[in-house]
Amino acid sequence: CGDSDKLLTAMKQSATWHLVVQRPTEIRAVIPRDATKSLGMDLRYATPSTSLMIAQLEDGPIKDWNDKSGPYKIQPFDRIIEVNGTRGSAPELIEASKDSDKLDMVILHYE
């Protein structure tokens, strides 16, 4: 992750750009809520967005899932696009996570 102002300046000064385009892998994670208040992730979003960006991971059920999962691990900058069968705006995704003993999430995972 870099400074966007520096990136923009470099792009304006260069006549040629070398870009890497990544297609995310869609993964499903079912996370039990148990009695924990925090899932161990810090989320960022804009109101018109249709995803929740995972900004940071901390100890909690998400890290526990990562320890047990297969080849894919939830990590910062992945995007949650579905929660408990709901796809929609970021506020709708957050609302779908309330009052549930588990979160069934579809996540766009970037390598």
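See the structure shown above.
Residues numbered from 1 in each chain as written. Predicted model: local features only at pLDDT ≥ 70, side-chain atom pairs only at ≥ 80, totals over all residues. Heavy atoms only, no water.

Draft legend 1. Just unusual backbone geometry, in detail. Of note in the backbone geometry, F77 takes a positive phi value of approximately 80 degrees without being a glycine. Residue classification places F77 among the partly exposed positions, given a relative accessible area of 44%. We note that D99 has phi near 55 degrees; this positive angle belongs to a residue other than glycine. Inspection of the secondary structure assignment puts D99 in the loop between α3 (90-97) and β5 (102-109). The class for D99 is exposed, based on a relative accessible area of 86%. (Buried < 20%, exposed > 50% of the residue type's maximum accessible area, 1.4 Å probe, protein only. Helix = DSSP H or I, 4+ residues; strand = E, 2+ residues; numbered from the N terminus.)

Draft legend 2. Here's a closer look at the environment of G40. Following the sequence through the fold, G40 ends up in the loop between β1 (25-32) and β2 (41-44). A relative accessible area of 0% means that G40 is categorised as buried. Linking G40 and D59, residues 19 residues apart in sequence, is a C-alpha distance of 5.2 Å. The contact partners of G40, leaving out residues within four places of it in the chain, are Q56, L57, E58, D59 and G60. (Contact = heavy atoms within 4.5 Å.)

Draft legend 3. Spatial organisation of the nonpolar core. Within the largest apolar cluster, 19 residues are counted, with the highest numbers of intra-cluster contacts made by I31, M41, I62, I74, I80 and M105. Where this core is concerned, the elements lending two or more residues are β1, β3 (52-57), α2 (61-68), β4 (79-83), α3 and β5. What I74 contacts, discounting residues up to four positions off in sequence, is I27, A29, I54, L57, I62, W65, N66 and I107. (Core = buried A, V, L, I, M, F, W, Y, C linked by side-chain atoms within 4.5 Å.)

Draft legend 4. Highlighting the sheet that holds β2. One open sheet holds the five strands; their spatial order is β1-β5-β4-β3-β2, and the pairing between them is antiparallel. Lying at the two open borders of the sheet, with one neighbouring strand each, are β1 and β2. On average, adjacent strands in this sheet sit at an angle of 40 degrees to one another, irrespective of strand direction. Here four bridges tie β4 to β5, and the two strands are oriented antiparallel to one another. Within the sheet, the bridge partner assigned to R79 lies in β5 and is L108. Most of the contacts of α2 go to β1, to which it runs at about 120 degrees, and overall it touches β1, β2, β3 and β5. The sheet contacts of α3 involve β3, β4 and β5, and relative to β4 the element is tilted by about 60 degrees. (Pairing = 2+ DSSP bridges. Axes fitted to C-alpha atoms, helices over the stretch in contact; angles between N-to-C directions.)

By themselves, these are just geometric observations and shouldn't be taken as functional.
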